Amino acid sequence: MSNTAVATRRLLKPASGWLVPGSAALLIFFFVSGLLAPWIAPYGLEDMDLTARLVMPFTSWAHPFGTDELGRDVFSRLLYSLRLSFILAVCGTILGAIVGTLLGFLAARFGGFVDDLVNTGVDFTASLPFIILALTILAFLGTDVTVIIVIMTVYGWDRYARLTRNLARSAYTEGYASALEGLGIPTWRIGLKHILPNIASALVVNMTLNFPGMILLETSLSFLGVGVQPPMSSLGTMLGFGRDYLTSAWWIAVIPGVVIVLATLSMSILGDYVQQKLDPENR
């Protein structure tokens, strides 16, 4: 470990007592608030009050976070936006891990053409700026929540595939996986019962580190106007609508922007913590 890494870890060590639990608590708060949005939001997602347009935050008990240009309550829309953004990020992370892990295992098991095909897909995904690939998919399939989930699944699958291929390949190289096949155990059972538990910790680390990227991807697509479409709302949608009012009603964009920063930062802190805990060198 370099002297810089050691010094950084020592500087952060005093804050580790509250930083990790605080990040976990904040993420749980965001996630639960989003799930309970239909029950705890004081207004509906599209409820408008033209007599209360552009109310500043913290100046009204009826609208604690203010209102937007149509008189819609920013706090209520924030709760509904958290709900959709987190659901999309969780679905994209889980599906991407499943697809990447499955393809990586197939590449390690069969080798040859299958291995070359998976490696080609990994290299293609890693070499191309993903936002261009996402815009291409949206151009062909349209802007729909299902399409966005597909895009988020494609994002990051190469990391899981590369990791699973390398670790599963070592299992076959060492011979115990081939020995189990010689005993007549099905390939799917070997992968699920014997190889997956050995690589589960590495996959969990990748999922925690990939989750912030999922939120930022959804935010970027919605901010560009090709992601979540009205009447639905996400954090990126709120940010995109608020950019036209930065000089006159800054809270429309700043409040969801702060939530995005806090959510991604908290998940990054938790990801680094999980990586340190599961890394054998740090034990």
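Residues numbered from 1 in each chain as written. Predicted model: local features only at pLDDT ≥ 70, side-chain atom pairs only at ≥ 80, totals over all residues. Heavy atoms only, no water.

1. Here's the deal with the packing of helix α4 (residues 74-110) against helix α11 (residues 235-242)
In contact at an axis separation of 7 Å, α4 and α11 are set at 135° when each is read in the N-to-C sense. Put simply, α4 runs oblique to α11. Counting all contacts with α4, which are made through Val 74, Arg 77, Leu 78, Ser 81, Leu 82 and Ser 85, the residues of α11 involved are Leu 235, Met 238 and Phe 241. Grouping the amino acids of the contact of α4 with α11 by side-chain chemistry returns 6 nonpolar, 2 polar and 1 charged. (Axes fitted to C-alpha atoms, helices over the stretch in contact; angles between N-to-C directions. Helix = DSSP H or I, 4+ residues; strand = E, 2+ residues; numbered from the N terminus. Parallel < 35°, antiparallel > 145°, perpendicular 65-115°, else oblique. Contact = heavy atoms within 4.5 Å. Nonpolar A, V, L, I, M, F, W, Y, C, P; charged D, E, K, R; others polar.)

2. With respect to the packing of helix α6 (residues 130-141) against helix α7 (residues 145-154)
The geometry of α6 relative to α7 is characterised by a closest axis approach of 10 Å and an angle of 150° between their N-to-C directions. As the angle between them shows, α6 and α7 are arranged roughly antiparallel. In this structure, α6 meets α7 at a crossing whose hand is right-handed. Of α7, the residues touching α6 (which contributes Phe 130, Leu 133, Ala 134, Ile 137, Leu 138 and Leu 141) are Val 147, Ile 151 and Val 154. (Left-handed = near helix turned anticlockwise from the far one by under 90°.)

3. Structural notes on the packing of aromatic side chains
Two aromatic rings are characterised by how far apart their centres lie and by the angle between their planes. Overall, the coordinates contain 7 aromatic pairs when judged by the stated rule. Ring geometry for Phe 130 and Tyr 155: centres 5.0 Å apart, planes at 65°, overall edge-to-face. With Phe 130 in helix α6 and Tyr 155 in the loop between α7 and α8 (157-174), this residue pair connects regions lying 25 residues apart in the sequence. You'll find Phe 130 and Tyr 155 in the same group, each marked buried. Through a chain of ring-to-ring contacts, the aromatic side chains of Phe 31, Phe 86 and Phe 211 assemble into a single cluster. Sitting over the face of the ring of Tyr 155, Arg 159 holds its NZ or CZ atom 5.5 Å from the ring centroid. One cation-aromatic arrangement involves Arg 243 over Phe 223; the distance from NZ or CZ to the ring centre is 4.6 Å. (Phe/Tyr/Trp six-rings, centres within 6.5 Å; stacked < 30°, edge-to-face > 60°. Buried < 20%, exposed > 50% of the residue type's maximum accessible area, 1.4 Å probe, protein only. Lys NZ or Arg CZ within 6 Å of the ring centre and 35° of its normal.)

4. Thoughts on the side chain of Ser 76
Note on placement: Ser 76 falls in helix α4. In this structure, Ser 76 is in contact with Ala 41, Pro 42, Tyr 43 and Gly 44, ignoring residues within four places of it in sequence.

5. Thoughts on the confidence of the model for the protein chain
Residues of the protein chain with pLDDT of at least 70 account for 84%, and the chain-wide mean is 81. Mean pLDDT values over the elements of the protein chain span from 46, in helix α1 (residues 3-12), up to 92, in helix α3 (residues 37-40). Low pLDDT, under 50, characterises residues 1-8; the stretch is placed with 3 contacts to residues that sit more than four places away or in other chains. (pLDDT = per-residue confidence, 0-100.)

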